[in-house]
Structure formats: structure tokens, C-alpha cells
Amino acid sequence: MADSAENTPLNSLPTTKVARAARFAKTGLNVGANYVKHYAKRAVGADSSTADLHQANAAELYGALSEMKGSVLKVAQMLAMEKNILPTAYAEQFAQAQYQTPPLSGPLVVKAFRDAFGKSPFEVFDTFDLNARQAASIGQVHRAEKDGRTLAVKVQYPGVADSIRSDIRLVKPIALRVLGLDEATVRPYMQEVETRLIEETDYALELRRGQQIAAACASLANLQFPAYYPELSAQRILTMDWLPGQHLKEFLATNPSQEVRNQLGQALWDFYMFQLNTLLQVHADPHPGNFLLQSDNGGTVGVLDFGCVKEIPADVHDLFTALLAPETLADETRLTALLTEAGVVKPQDPEAQRTFYVRTMQASLELVGRPFRQPTFDFGDPGYLQSLYALGDDLMQQPELRQQREPRGSEHFIYLNRTYVGLYALLTELRAFVRTA
Amino acid sequence: MEKDRIKQGYLDYVLRKGTPPASVFKLTKKLGLPEQEFYRYYANFDVLDRELWADFGREAYDIASKEPVWAEYGAREKLLGFYYTLLEVLKRNRSFALQALRRSLHRMPGLTPRVLDGLRQEFEEFVTNILREGRQSGEIATRPLIENAYPRFFWQQLLFVLGFFARDESVNFERTDAAIEKAVTLSFDLVGRNTFDSATDFVRFLVQSRR
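Here the structure is a predicted model, which means the values were calculated and not measured.

## Section: the overall build of chain B
No. 1: A tally of helices and strands in chain B yields ten helices and zero strands.
No. 2: Moving toward the C terminus, one meets the helices and strands of chain B in the order α-α-α-α-α-α-α-α-α-α.
No. 3: Taken along its principal axes, the extent of the C-alpha atoms in chain B is 75 × 40 × 35 Å.
No. 4: Across the 211 residues of chain B, 31% fall into the buried class.

Dropping the structure here:
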């Protein structure tokens, strides 16, 4: 919803069930092929650029597959192992719509309004622009005005919930084959992802959550939430304030000062820590498209899109916090106990394997949890990035991990991990210096 | 008017009972009319069916063209607007429409069931008009000879839409909305200026240069 997106109408992109099936089939092939190429180059000692692999895989893996294999190990995988840490390509890919569809035609938008309100959008609003300004993940955003207020109106594509279900049916077998997984062991993870995706199609729920979280976070500094208008919203239509600001990429292109970047980073950090630790409910989709940045008042973050919200069960929260705590890192018995509780280490694992998992997790947790063990943390520090890459390279070489054939850990970690990955990605792109304690 | 009463009475009967009345006599008796009153207007129920479909098309056009933005729409949007409105009209009479479609559409794909003949005339006239507008605005490429076939081509598209509608099982026929959207986008990609025109132009150039 950035101002800069104003004059660029959406382009057409293909999608029918058949087209999507073809895309996913291709995804499976592409990802497989990318890895084959990558390992082949490595085997002959060539320096296969991880950025290449990354670039090649980001769309496929993250768009379609990455959520399927959830586990605490995913922290390692996502943050380090696959070197997708803070992936520019990932961020760029994800900033685009996940379910890409050609823009809705004017008559269909009008029809959606007639279905919902019995009136055309021109009667509902004072002005309404039939050309979409931006793609939202499962719809498109129109600009409208009413009573002197500028509004963003999200209109959902027809039949999205259905197509998500069939997407999952399509992607499942491919994901299972590519990752070498067994259907029964992945079911809880699939279920978790499916639930979130279906929730995302429910605009009434999104409206409620947006209002709730905005109200709960009202005391946090430098954050801005749009007001939602229930009387102008329906199942497939969501009306909110049009927030000012730019998306991360365009914002960074304006060369904001270090102070502004710090304040933005701090606002994001505080927002997420408050949700994770106090609300136990988190905006689990921190991709750059959902934030609008501006340098007014030293830096303000506008938060959009509460379609994907993860409610964190209390015991999962305790476990996650305990895993990231400094004491845990030093105490191997405690770490093993926690990992067993999380389902990463299983009692029936052979001794060697258990030690290996604990070691691996210890290494990744040391890195991932580092911001938490210091009063302040510099996400722009190139040393931190490099050690994450190094860890990734290291883990990539571990045959044990490459051969791991079952997901491990609680399914609740999928979206928690995604949240951390997204947050760290944003903060590193911002190169923000954040008070983390 | 007696004619409208008969039409409405017939439609109500089909909507309520799910089948046409067993005989003209039965219908006219129900309406309290002498049987020959029916035959003053219609030869049989088939003719009446055809007229009802033509009415749906006319009604859809009337409603759609009253939309305040209609004048701003291009040819593509006008066609879309017509389709969506036609669907709304059909949904209001869905038992009648679905029954007729399911009865007649499955036979030969591509062949027009006789019951839709009236609608076809209305539709092709409408399409001819918006195509002319489209050619004037440059939205549609001018292709002598071929373009005369366009109304028939779009009629096939409408048949596809109706067939999709008849088989659609999604909530509120949302899949049909998507099908319309995609079918119309494709067809306008085809009739708009595209590779085909450049190729024709190129071939014509080569042939002429040969001389």
C-alpha cells in the first residue's frame, strides 16, 4: 500500500488449478535440480555460490515447501543451515503475493460488493478506484475515499479458500518426495499450515485480530496500526485506513539515517517481543510487504495484514523461551531435557545421534539466541551474519542432517520460527542497532 | 398481460415443482385460463422455454448497462459485466436454469441446444456491438474475414460458462466467477492485437516482395 505503488497497476499472472499443478510440479523439479547442481559443484570443489542456489531456490522452497518440514531443527535450517538466513531473495519473493492470480476485473470487484452490500463500490464509498493499487496475498488492494478519509480496501479473489485446499493437496506429494518425508509423520505440520492458510481467507477474523492486537499494542512507541471499518467490511472485503509510508526496499533506497533505522528496528523488536511474551499471539507473517516505513518522528512502522496470526500455547512459549535462555546453552543436561520435551530428541534415539542433535542445536541456538544474551545488539554487524553463514555451511556438510527423514519438534514451532526468521531478516536489512534486553 | 402471466406462471411452476407441467391444459387450468389462450402465444412449452432464456439475456443486459461505470468500461469489462449479471439472473431462477442446462448441455459439446436459440440471438447482437466499440478503441484487432466469426466464438464461450455453472459445486458459484474471469481474459488476449497479427503482416510482406 505504499505511495510508490500507486501508479503501477498489477500485471497478469497465470493461475488455474491446472496451471498451479504445473507450477508445483515444476517447483519439485527445479528445487531438486538446484540442489543436484549445487552438490555436484561442491563435490568437484568448485565454489558454488550459495547466493545462486539461494536465489534459485528461494521462490520454490519458501513459496511452496519450506513450511512443510517443521521442527526446532527448522531454526537451524532456516536460520543457518540452508544459508537462507536473512535472504534478500527470500524477502523479495515473499513480498510478492503467495497466491498469484491475475488482478480481478472491474466488473468482478463490483460484483463482490453487490454480493456483500447489495450496492456497487461507488455507492458505498465517495470515490473508489477500480484499478487495484497492490496485490495482497490473496486479494488486491483498492484505494477509496469516504467522509474525507483515505481508505485501503482489500478484495479477496473468489474461491481462494477452495484453491488453497487444492494447492495443499497438490503440493503435498511433491513436498514429501522432495524432502523424503513420510505422510503420517508430517500430518500435524501440514494440518498446522493448512489451518493458518485457511484462516487467512477469513477477513472477518482478520478484522477482529487487527483491532485486538492494535488495541493491545497501543502503548508501544513508534508503531502505527490502521483503523478497521467493520461496517464497510464483509467476508471477502476488508476496509481499513490507508497508511502512509514505503515498503522496506523503497525505504532503504532513500538512504535513511542510522538513527531512523535504529528506531524502526527498535519498534519492530518491541512489537514482536511484546506479542511473543505478553500477548502470546503473534503477527506470524513478518515479510517486508506487511510493513510500511517512514522517517517521520524519527521513524514509524505501519503494521498491515493480520491474516496470519499464531496463538502460542503457554507451554510452547515456556519451552521456546527456555531454549533461548543463556543458562540453557551452558547446561547440556538441561538442553537435552528441553529438546526431548520439544520432540527434537527422542528417547529411542541412539546415543550418538542424540549427542549430534544436541550439539547441532547448541551451535544454532548460540547464534540465534545471541541477541537475547546481550543488552544491545547490532543486527548490521557483518561478523554475526558471517558466523551464521559459516554455521550454515558447516551444517550443510553434515550427512546426519541431510539424511534426516522425519520432521522433529512441535508443530507450533513452524510459525514461531517463521516469525523469528522474518524479524531477523527485517532487522538485518535495516542494519538496526537494537536494545534487546 | 396474459402472455406475461402465462410465462410467469410457467416459470413459477417449474421453480416449485422442478419439472415442466405435464400438459398445457394443466398449466392453463391452474392459471384459470382457457387452454387456447396459451396457444395464442406459444406453440408449446419448448417455445416458451426459449423465450424465457432470451428474456434472461435481455434482463442481464438491461441491469448491467445501468451500472454507473458502464460507460467507462471497455469491451472486455462490458462482456464481463454482462456475464456476471446473467449469472445473477440465472441464480434467481436457478432451478429452472440448472434443470434446462443439465438436460440439454451434456449431449454434444459445442452444439447449441435449441432452448438457447433465443438467448443466442440476443447475445450475438450484444457482442457484435461491443466488438465494434472495441475495434474503434483499438482494444480489438481488425482482422477482415476472421472477425465475422467472433460472435460465434464468443457464443461458444458463453456455452462454456453456462456448462461450468451447471456443474459448479462451490459456494455461491465462486468457481464460475473465476472461470468467467479467466475465459474472458484469454479471449480478449486472442482477439486483441497479438503475435498473430504481426505474423500475418510479415507473411503478407514476404508474399508481396516475392513478385
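## Regarding helix H14 (residues 332–342) of chain A
Residues and elements named next belong to chain A.
No. 1: Turning to H14, its buried residues are Leu-335, Leu-338, Leu-339 and Ala-342. End-on, the buried residues of H14 take up no more than an arc of 100°, which puts them together on one face.
No. 2: Those residues of H14 hidden inside the fold are in contact with helix H12 (314–324), helix H13 (326–330) and helix H15 (351–368).
No. 3: Remark: Gly-343 follows H14 within two positions and exhibits a positive phi of approximately 85°.

## Things to note about the pairing of strand E3 (residues 139–146) of chain A
Residue and element names in this part refer to chain A.
No. 1: Relative to E3, strand E1 (residues 127–128) runs antiparallel, the two sharing two bridges. Its bridge partner being in E3, Phe-128 is matched across the sheet by Ala-144.
No. 2: Pairing analysis gives eight bridges linking E3 to strand E4 (residues 149–156), with the strands arranged antiparallel. Along E4, the bridge assignment pairs Arg-143 with Ala-152.
No. 3: Taking the residues between adjacent antiparallel strands as the criterion, E3 and E4 are bridged by two residues, where Asp-147 takes a positive phi near 50°.

## Digging into the interface of chain A and chain B
No. 1: In this assembly, 16 residues from chain A lie in contact with 16 residues from chain B.
No. 2: Among the elements that line the side of chain A that touches chain B, the one with the most residues is helix H5 (residues 106–117) of chain A, at five residues.
No. 3: Among the residues forming the side of chain A that touches chain B, the class breakdown is eight nonpolar, six polar and two charged.

## A few points about the packing of helix H1 (residues 2–17) of chain B against helix H2 (residues 24–31) of chain B
Residues and elements named next belong to chain B.
No. 1: Two elements in contact, H1 and H2, have axes separated by 10 Å at closest approach and are oriented at 110°. Here H2 runs roughly perpendicular to H1, going by the angle between their axes. Along the contact surface, H1 presents Arg-5, Ile-6, Gly-9, Tyr-10 and Tyr-13, while H2 presents Leu-27, Lys-30 and Leu-31.
No. 2: Here the residues of the contact of H1 with H2 are counted per class, giving five nonpolar, one polar and two charged.

## Details of the nonpolar core
Across soluble globular proteins, nonpolar side chains show a tendency to be buried alongside one another.
No. 1: Ranked by internal contacts, the top residues of the largest apolar core, which has 71 residues, are Phe56(B), Phe82(B), Tyr83(B) and Leu86(B).
No. 2: Looking at this core element by element, the count peaks at ten residues for helix H5 (residues 75–92) of chain B.
No. 3: Once residues lying within four places of it in the same chain are set aside, the contact partners of Leu86(B) are Phe56(B), Gly57(B) and Ala60(B).
No. 4: Core analysis: the next-biggest nonpolar cluster, separate from the first, contains 58 residues, Leu248(A), Ala284(A), Val301(A) and Ile414(A) among them.

## What to know about the confidence of the model for chain A
When pLDDT is low, close inspection of the predicted coordinates is not appropriate.
Residues and elements named next belong to chain A.
No. 1: For chain A, per-residue confidence averages 73 on the pLDDT scale, and residues scoring 70 or more make up 66% of the total.
No. 2: By mean pLDDT, helix H3 (residues 73–81) is the weakest element of chain A at 32, and strand E6 (residues 237–241) is the strongest at 94.
No. 3: Per-residue pLDDT stays below 50 along residues 1–100; that stretch engages in 179 contacts with residues further than four places along the chain or on separate chains.

Cut-offs used in this document
Residues numbered from 1 in each chain as written. Chains lettered and ligands numbered in written order. Predicted model: local features only at pLDDT ≥ 70, side-chain atom pairs only at ≥ 80, totals over all residues. Helix = DSSP H or I, 4+ residues; strand = E, 2+ residues; numbered from the N terminus. Buried ≥ 20, exposed ≤ 12 C-beta atoms within 10 Å, placed from the backbone. Arc of directions from axis to C-beta. Contact = placed C-beta atoms within 7 Å. Pairing = 2+ DSSP bridges. Nonpolar A, V, L, I, M, F, W, Y, C, P; charged D, E, K, R; others polar. Axes fitted to C-alpha atoms, helices over the stretch in contact; angles between N-to-C directions. Parallel < 35°, antiparallel > 145°, perpendicular 65-115°, else oblique. Core = buried A, V, L, I, M, F, W, Y, C linked by C-beta atoms within 7 Å. pLDDT = per-residue confidence, 0-100.

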